[in-house]
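Listed below, chain by chain, are the residues.
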Amino acid sequence: MASVSVDEAMRRAIALAARGLGATSPNPVVGCVLLDADGEVVGEGFHAYAGGPHAEIVALAQAGRRARGGTAVVTLEPCDHTGRTGPCSHALIAAGVARVVVAVPDPNPVASGGAATLRAAGVQVDLGVRGDEAEAGNIAWLTSMRRGWPYLIWKYAATLDGRSAAADGTSIWITSEAARIDVHALRGTVDAVIAGVGTVLADDPRLTARNLRDGTLAIRQPLRVVVDSSGRTPAQARVRDGAARTWVATAAEVGAGPDGRVDLAALLAELHHRGVRAALLEGGPTLAGAFLAAGLVDRIVGYVAPKLLGAGPTALLDAGVTTIADAIDLELTDVTQVGPDLRITALPRKREA
Ligand SMILES: NC(=O)c1ccc[n+]([C@@H]2O[C@H](COP(=O)([O-])OP(=O)(O)OC[C@H]3O[C@@H](n4cnc5c(N)ncnc54)[C@H](OP(=O)(O)O)[C@@H]3O)[C@@H](O)[C@H]2O)c1
C-alpha cells in the first residue's frame, strides 16, 4: 500500500471519529490511524461506545508488530489514566510507537497528561495537526468538558412567518416527513432531549429517537428531560411510557430561579453530572426563550416550512429582548434543504460582557 502523509492520516482519523457520534458519551469521539515506519497505514480505529476499547487500542491491535517505529495519528490526546480501559499512552509506548501526532489536547483533568507521559518515554509528540477540524467534530464533548455543562442545541420547527402552530392550536406536522426523519437522526446524536411541561401537556410527545416509518426505537435512547417546576407532568404522559429513561426535573429537586421556576443553569450542571455532554432542547417557545435569555444555547437548528399561517403562536417567546439593539445575533453556519423544508443552523454570537 502507498504511504500517506500525516495530514491525510489525520483527515481519515477525524472521519473515523465521527462514526462514534452519539454512542460514546460520557466519553469523546476519537479516531486513530497508525502508520508504520514507511508511512503505510497498518491500523485504524475509533472509539465506538463508552466502555469499549479506545481508538488507539483498536488501531494497535490491527497493526501488531508493524506499529514499532511507526506514527500514531490521533484526533484527541491519548488518555493517561486507567478507567474502564488502561491508559493509551502506556499501550503506545509498549508497542514501540516512535511518534504520536495529536489534533486536540484532552481538556479532561482526569485523563489528560498522555502527551507528557509519551514524551518522558522518548516518543516524539506533535500537537495541533488539523486541530480546528478535529475540534469541530468533537465540539459538544470538548465544550461540555471545558466548562462543566452540556452543549445545548435548540431545535424548533416553524412556518416561513415564524409560527409554531395555527391559531386553533393545531401544530402537528408543520414540517415534512423528511424534516422529522432528520430530527430523529439529530436525537440519536445527543444524550438528552429536553422539553418544557407546556409542550408535554399540549402535545404529549414521546421524545424518543425512532424510525418514523415503522416506529422502531433506536438502540440508544437519549434521556428524556421534562422541565416542570411543580411536577405537573401527568402520570399517563407518553414521556413516562418506559421506552427510554425520563427525568421530570422539578424546582424542588434542581433548585429554583428568582421566578420560582426550575433554575436552568443548575439543571444543566446536574445533567453534566449525570454524564450528559450534548442535549437537544425541543421546546417549546417559553422554555427556549428562557434558555436563550440565560445565554445557555450553543447552537440553533431551525426547520422552516414553506407555509404561512399569519396567526398563531410563534416559535420563540420572551428571550429577554425588548429593543432591537439587544437582538440575539446569530452566525449562520449551514442552510440545507430537507425535503420541501429548510434546515437552518446558526450559532448565537457571544455578547460583550
Ligand atoms: N414549533 C416547535 O418547534 C415547537 C416545539 C415544542 C413545542 N411547541 C409548541 O409549544 C407549545 C407549548 O408552549 P409552552 O411555551 O407552553 O411550552 P414549553 O416551553 O415547553 O413549557 C413551558 C413551561 O416550562 C416550565 N418551566 C420550568 N422552568 C422554566 C424556566 N426556568 N423558564 C421557563 N419555563 C420553565 C414552565 O411551567 P412550570 O412553571 O409549571 O414549570 C413553563 O410554563 C405547544 O403548543 C407546542 O405545540 C412547538
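None of the values given here were measured: they were computed from a predicted structure. (Residues numbered from 1 in each chain as written. Predicted model: local features only at pLDDT ≥ 70, side-chain atom pairs only at ≥ 80, totals over all residues. Heavy atoms only, no water.)

A look at the overall build of the protein chain
Logical step 1: Helix and strand counts for the protein chain come out as 11 helices and 13 strands.
Logical step 2: On C-alpha atoms alone, the protein chain measures out to a radius of gyration of 23 Å, which is about the 20 Å that the 2.2 N^0.38 rule sets for 353 residues.
Logical step 3: Expressed as lengths along the three principal axes of its C-alpha atoms, the size of the protein chain is roughly 70 × 45 × 45 Å.
Logical step 4: Put simply, the protein chain has 353 residues, and 47% of those count as buried.
Logical step 5: Contacts spanning at least 24 positions in sequence make up 70% of the contacts within the protein chain whose residues lie at least 6 apart.
Logical step 6: Accessible area of the protein chain: about 16,300 Å², with a carbon and sulfur share of 54%. (Helix = DSSP H or I, 4+ residues; strand = E, 2+ residues; numbered from the N terminus. Rg over C-alpha atoms; globule rule 2.2 N^0.38 Å. Buried < 20%, exposed > 50% of the residue type's maximum accessible area, 1.4 Å probe, protein only. Contact = heavy atoms within 4.5 Å. Areas by Shrake-Rupley, 256 points an atom, 1.4 Å probe, with all protein chains shown as cover.)

As for the site of the ligand
Logical step 1: Around the ligand, the structure places 24 residues, and the nearest of them are Thr-199, Asp-203, Ser-229, Gly-284 and Thr-286.
Logical step 2: One nitrogen or oxygen atom from the main chain of Ser-229 is found 2.6 Å from an oxygen atom belonging to the ligand.
Logical step 3: Here a nitrogen atom of the ligand and a backbone polar atom of Val-262 are 2.9 Å apart.
Logical step 4: Out of a free accessible area of 920 Å², the ligand has 84% covered by protein chains.
Logical step 5: Listing elements by their share of the shell around the ligand, those giving two or more residues are strand S6 (151–159), helix H8 (197–203) and helix H11 (285–293).
Logical step 6: Per element, the largest residue contribution to the shell around the ligand is five residues, and it comes from H8.
Logical step 7: Of the residues contributing to the shell around the ligand, the split by class is 10 nonpolar, nine polar and five charged. (Near = heavy atom within 4 Å. Polar contact = N/O pair within 3.5 Å; in protein donor to acceptor, adjacent residues only side chain to side chain. Nonpolar A, V, L, I, M, F, W, Y, C, P; charged D, E, K, R; others polar.)

Quick notes on the packing of aromatic side chains
Logical step 1: As enumerated under the stated definition, the model contains one aromatic pair in all.
Logical step 2: Seen from their ring centres, Trp-154 and Tyr-156 are 4.6 Å apart, and the 25° between their planes marks the pair as stacked.
Logical step 3: Sitting above the plane of the Trp-173 ring, Arg-180 keeps its charged end 3.9 Å from the centroid.
Logical step 4: It is Arg-274 that lies over the ring of Trp-247; its NZ or CZ is 3.9 Å from the centre. (Phe/Tyr/Trp six-rings, centres within 6.5 Å; stacked < 30°, edge-to-face > 60°. Lys NZ or Arg CZ within 6 Å of the ring centre and 35° of its normal.)

So, the sheet that holds strand S12 (residues 330–338)
Logical step 1: Here eight strands make up an open sheet; going across it, the order is S9-S8-S7-S10-S6-S11-S13-S12 and the pairing mixed. Edge positions in the sheet fall to strand S9 (246–249) and S12, since each of these pairs with one other strand and no more. Pairs of neighbouring strands in the sheet enclose a mean axial angle of 20°, with direction left out of account.
Logical step 2: Taken together, the four bridges between strand S8 (residues 223–227) and S9 define a ladder with parallel strand orientation. Considered in S9, the bridge of Val-227 is made with Ala-249.
Logical step 3: Across the sheet, helix H10 (residues 264–273) lies against strand S7 (192–196), S8 and S9, angled at about 165° from S8, the strand it touches most. (Pairing = 2+ DSSP bridges. Axes fitted to C-alpha atoms, helices over the stretch in contact; angles between N-to-C directions.)

Some remarks on the environment of Pro-222
Logical step 1: Inspection of the secondary structure puts Pro-222 in the loop between H8 and S8.
Logical step 2: Judged by its relative accessible area of 0%, Pro-222 is buried.
Logical step 3: For the pair Pro-222 and Ala-244, spaced 22 residues apart in sequence, the C-alpha separation works out to 7.3 Å.
Logical step 4: In this structure, Pro-222 is in contact with Arg-187, Val-190, Asp-191, Ala-192, Val-193, Ala-209, Ala-244 and Arg-245, ignoring residues within four places of it in sequence.

Side note on a nonpolar patch on the surface
Logical step 1: Residues Leu-332, Val-335 and Leu-342 make up a contiguous nonpolar surface patch of about 260 Å² in total accessible area.
Logical step 2: Take Val-335: it is sitting in strand S12.
Logical step 3: Its relative accessible area of 48% is what places Val-335 among the partly exposed residues. (Patch = residues over 30% accessible without salt bridge, like charges linked within 9 Å, V, L, I, M, F, W, Y side chains within 5 Å. Salt bridge = Lys/Arg side-chain N within 4 Å of Asp/Glu carboxyl O.)

A short note on the packing of H10 against H11
Logical step 1: Viewed as axis vectors pointing N to C, H10 and H11 meet at an angle of 90°, and their least axial separation amounts to 10 Å. Here H11 runs roughly perpendicular to H10, going by the angle between their axes. Taking contact as the criterion, the partners of Leu-264, Leu-267 and Leu-268 in H10 are, on H11, Leu-287, Ala-290 and Phe-291.
Logical step 2: Split into classes, the residues belonging to the contact of H10 with H11 amount to six nonpolar, no polar and no charged. (Parallel < 35°, antiparallel > 145°, perpendicular 65-115°, else oblique.)

Concerning the pattern of salt bridges
Logical step 1: Tallied over the full model, the rule gives 18 salt bridges.
Logical step 2: The salt bridge involving Arg-343 is made with Asp-182; its shortest N-O contact spans 2.8 Å. One end of the pair, Arg-343, is in strand S13 (residues 341–348); the other, Asp-182, is in helix H7 (residues 177–187), and 161 residues separate them in sequence.
Logical step 3: A salt bridge links Arg-224 to Asp-241; its shortest N-O distance comes to 2.8 Å. Of this pair, Arg-224 sits in strand S8 while Asp-241 sits in the loop between S8 and S9; the two residues are 17 residues apart in sequence, bridging distant segments of the chain.

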